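Now for the letters of each chain:
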Protein chains: 2
Amino acid sequence: MRVGFVQFEPIFGEKDRNVRRSIELMEGLEADLWVLPELCNTGYLFRSKEEVEDLAEEIPNGPSVQAWREMARERNTHVVAGMAERADGKVFNAAVLVRPSGAVNVYRKAHLFDEEKRWFEPGDTGFEVVDIGDARIGMMVCFDWIFPEATRILALKGADLICHPANLVLPYCPDAMVTRCIENRVFAITCNRIGVERRGGSTLTFIGSSQIVDPKGQVLVRADRDEACVRLVEIDPTLARDKRITERNALFEDRRVALYGALTEG
Amino acid sequence: MRVGFVQFEPIFGEKDRNVRRSIELMEGLEADLWVLPELCNTGYLFRSKEEVEDLAEEIPNGPSVQAWREMARERNTHVVAGMAERADGKVFNAAVLVRPSGAVNVYRKAHLFDEEKRWFEPGDTGFEVVDIGDARIGMMVCFDWIFPEATRILALKGADLICHPANLVLPYCPDAMVTRCIENRVFAITCNRIGVERRGGSTLTFIGSSQIVDPKGQVLVRADRDEACVRLVEIDPTLARDKRITERNALFEDRRVALYGALTEG
């Protein structure tokens, strides 16, 4: 199975251009699954609720999903992309999985970072695993990384591969995702954006460093901090299904669930 | 508050010597809390159940705890040490906290690694936090590191500082403990042993690399792989009580407990 990421620089508000740019970067490359950054159609630094509502789209009827869908169908591939979703009068920081069949799945970011709380509703989808034939994938978005619960639940539900669109500005996540892979024996693709966004007196510099990590914590590929690029690797997602780490230890069987009550209290 | 670790090489079965050696290494140094390695009085590579039972001691009446207790009282300090505990006809891979008052607390390792399952009962104490005046500490032992649940529960229960005796042979734990500190905003002292143990055809090489990490994931000190040494740092444990990471984010308030049910199922 060939999987990859598309690290690029969305320009704020230029949705058509950003989606076109993402598709352009994938052109001529064969892959079974692509992961794109968080909010990669809209950009990140919203200044008002109206602006978010205006840029958000319905899934699957909005133009961004339609464009990725056309590409997924033509190229027989899957795309996981971060985008602003409008649904039932609310706006979510979402990741959409677009399949070659045209079917889509949505994950709505559970853990919102900083000003995102002004613009988005907290995600209500929970953490669900989707079977795409060659692999079982789980989606999470950016700041979800710092909560071990997110990856853990996806892995417990059978995810082989975590698809993780991001807009990282702090330096901690790439190494922490290595720990996430080791503690859960899963693959993870973190796709971050690059570039600097300046709006309304705020400036954010994104750290790039998109990466693909294997279930033993090996970084199979890590991108530069500031280069628009795609990277592809060949993986065997079924390697993530073997949770044995010694003759007598299997990561999930060894969990002492009876001692874990405090995790879901309060 | 001055805290430190004692990285050294226990000799298998030589309990008196090992405990004396640990005390000798702390001599002349002022600290409020010391962390010693896992099974630091007995050594690690047991070959029979009888051997384990013979070397295990009751807490607090066995000679190892008595020796550390005397030292803790004389020097007005706390010691967390890994040892084999005999209790109610069972043997546990335990960590004991010895206080200057003579009072002790015990943690029994929840997640046993490989052959430890032949020698020890799975821990039945759960993850509890102990107030030692200057700090609230939580104990976990070695392989517990790979289960994010262990550190998480200690942090949720208010631990400022994780005391983590270890006998590490694989290379992953030191970096993973950095993630543990970041995701929980806690301090952690991992004290590993050094040296090579050869018994009954088995050989283990321990990786040293004991370390102290702060709540932002900074490695305050990390020891060499093979040097017997003590390291001390001055910390303010109350820094671990501030879980805010942005104006709008606090690590524990942001947990989406209603979405976490899968963590305690099955």
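Residues numbered from 1 in each chain as written. Chains lettered and ligands numbered in written order. Predicted model: local features only at pLDDT ≥ 70, side-chain atom pairs only at ≥ 80, totals over all residues. Heavy atoms only, no water.

Peer 1: Describe the packing of helix 1 (residues 15-26) of chain B against helix 3 (residues 63-75) of chain B, and please don't skip the residues or the numbers.
Peer 2: Residue and element names in this part refer to chain B. Where helix 1 meets helix 3, the axes come as close as 10 Å, and the angle between the chain directions of the two elements is 15 degrees. Judged on the interaxial angle alone, helix 3 and helix 1 are roughly parallel. Taken as a pair, helix 1 and helix 3 cross one another with a handedness that is right-handed. On helix 3, the residues touching Lys15, Val19, Ser22, Ile23 and Met26 of helix 1 are Ser64, Ala67, Trp68, Met71 and Arg75. Tallied by class, the residues present in the contact of helix 1 with helix 3 amount to six nonpolar, two polar and two charged. (Axes fitted to C-alpha atoms, helices over the stretch in contact; angles between N-to-C directions. Helix = DSSP H or I, 4+ residues; strand = E, 2+ residues; numbered from the N terminus. Parallel < 35°, antiparallel > 145°, perpendicular 65-115°, else oblique. Left-handed = near helix turned anticlockwise from the far one by under 90°. Contact = heavy atoms within 4.5 Å. Nonpolar A, V, L, I, M, F, W, Y, C, P; charged D, E, K, R; others polar.)

Peer 1: With reference to specific residues and values, describe the packing of aromatic side chains.
Peer 2: Residue and element names in this part refer to chain B. Under the counting rule described, the total for this entry stands at 12 aromatic pairs over all chains. Taking the centre distance of 5.4 Å and the plane angle of 75 degrees together, the rings of phenylalanine 12 and phenylalanine 46 count as edge-to-face. Taken together, the residues span a long stretch of sequence, with phenylalanine 12 in the loop between strand 1 (2-7) and helix 1 and phenylalanine 46 in the loop between strand 2 (33-35) and helix 2 (49-55) at a distance of 34 residues. The ring of phenylalanine 92 has arginine 108 lying over it, and the distance from NZ or CZ to the ring centre is 4.2 Å. (Phe/Tyr/Trp six-rings, centres within 6.5 Å; stacked < 30°, edge-to-face > 60°. Lys NZ or Arg CZ within 6 Å of the ring centre and 35° of its normal.)

Peer 1: Run through the interface of chain A and chain B, naming residues and quoting values.
Peer 2: Between chain A and chain B, the contact holds 48 residues from the first and 48 residues from the second. Taken together, the two surfaces of chain A and chain B that pack against each other cover about 4,200 Å², and 63% of this comes from carbon and sulfur. Counting every contact that joins chain A to chain B gives 10 salt bridges. With six residues, the single largest contributor to the side of chain A that touches chain B is helix 6 (residues 173-184) of chain A. When its residues are assigned to classes, the side of chain A that touches chain B shows 22 nonpolar, nine polar and 17 charged. (Buried area = accessible area lost by both parts, 1.4 Å probe. Salt bridge = Lys/Arg side-chain N within 4 Å of Asp/Glu carboxyl O.)

Peer 1: Explain the environment of alanine 110 of chain B to me, and be specific about the residues and the numbers.
Peer 2: Looking at where alanine 110 of chain B falls in the secondary structure, it is placed in the loop between strand 5 (104-108) and helix 4 (116-119). Taking the C-alpha atoms as reference, alanine 110 of chain B lies 8.2 Å from methionine 140 of chain B; in sequence the two are 30 residues apart. The contact partners of alanine 110 of chain B, leaving out residues within four places of it in the chain, are Arg256 and Leu259 of chain A together with Pro122, Gly123, Phe127 and Asp144 of chain B.

Peer 1: Got a sec to walk through helix 6 (residues 173-184) of chain B? Specific residues and values, please.
Peer 2: Residues and elements named next belong to chain B. Taking 1.5 Å of rise per residue, 12 residues should cover 16 Å, and helix 6 covers 16 Å from first to last C-alpha, within 8% of that figure. Within helix 6, 11 of the 12 residues are buried, leaving the element largely enclosed by the surrounding structure. By the burial criterion, the buried members of helix 6 are Cys173, Pro174, Ala176, Met177, Val178, Thr179, Arg180, Cys181, Ile182, Glu183 and Asn184. (Expected span 1.5 Å × (residues − 1). Buried < 20%, exposed > 50% of the residue type's maximum accessible area, 1.4 Å probe, protein only.)

Peer 1: Any details on the side chain of serine 210 of chain A? Residues and values, ideally.
Peer 2: Residues and elements named next belong to chain A. Looking at where serine 210 falls in the secondary structure, it is placed in the loop between strand 11 (202-205) and strand 12 (211-213). The exposure class of serine 210 is buried, given its relative accessible area of 0%. Here glutamine 7 takes part through its side chain, which lies 2.8 Å from a polar atom of the side chain of serine 210. Once you skip the residues sitting within four places of it in the chain, serine 210 turns out to touch Phe5, Gln7, Thr190, Cys191, Asn192, Val221, Arg222 and Ala223. (Polar contact = N/O pair within 3.5 Å; in protein donor to acceptor, adjacent residues only side chain to side chain.)

Peer 1: Could you give me a rundown of the relation of the copies chain A and chain B, with the residues and numbers involved?
Peer 2: Rotating chain A by 180 degrees and moving it 0.0 Å along the rotation axis overlays it on chain B with an RMSD of 0.0 Å. Interpreted geometrically, this transformation is the action of a two-fold axis. With an isologous cut-off of 70% or more, the 100% of interface residues of chain A that recur at the interface of chain B puts this contact in the isologous class. (Least-squares fit on C-alpha atoms with pLDDT ≥ 70 in both.)

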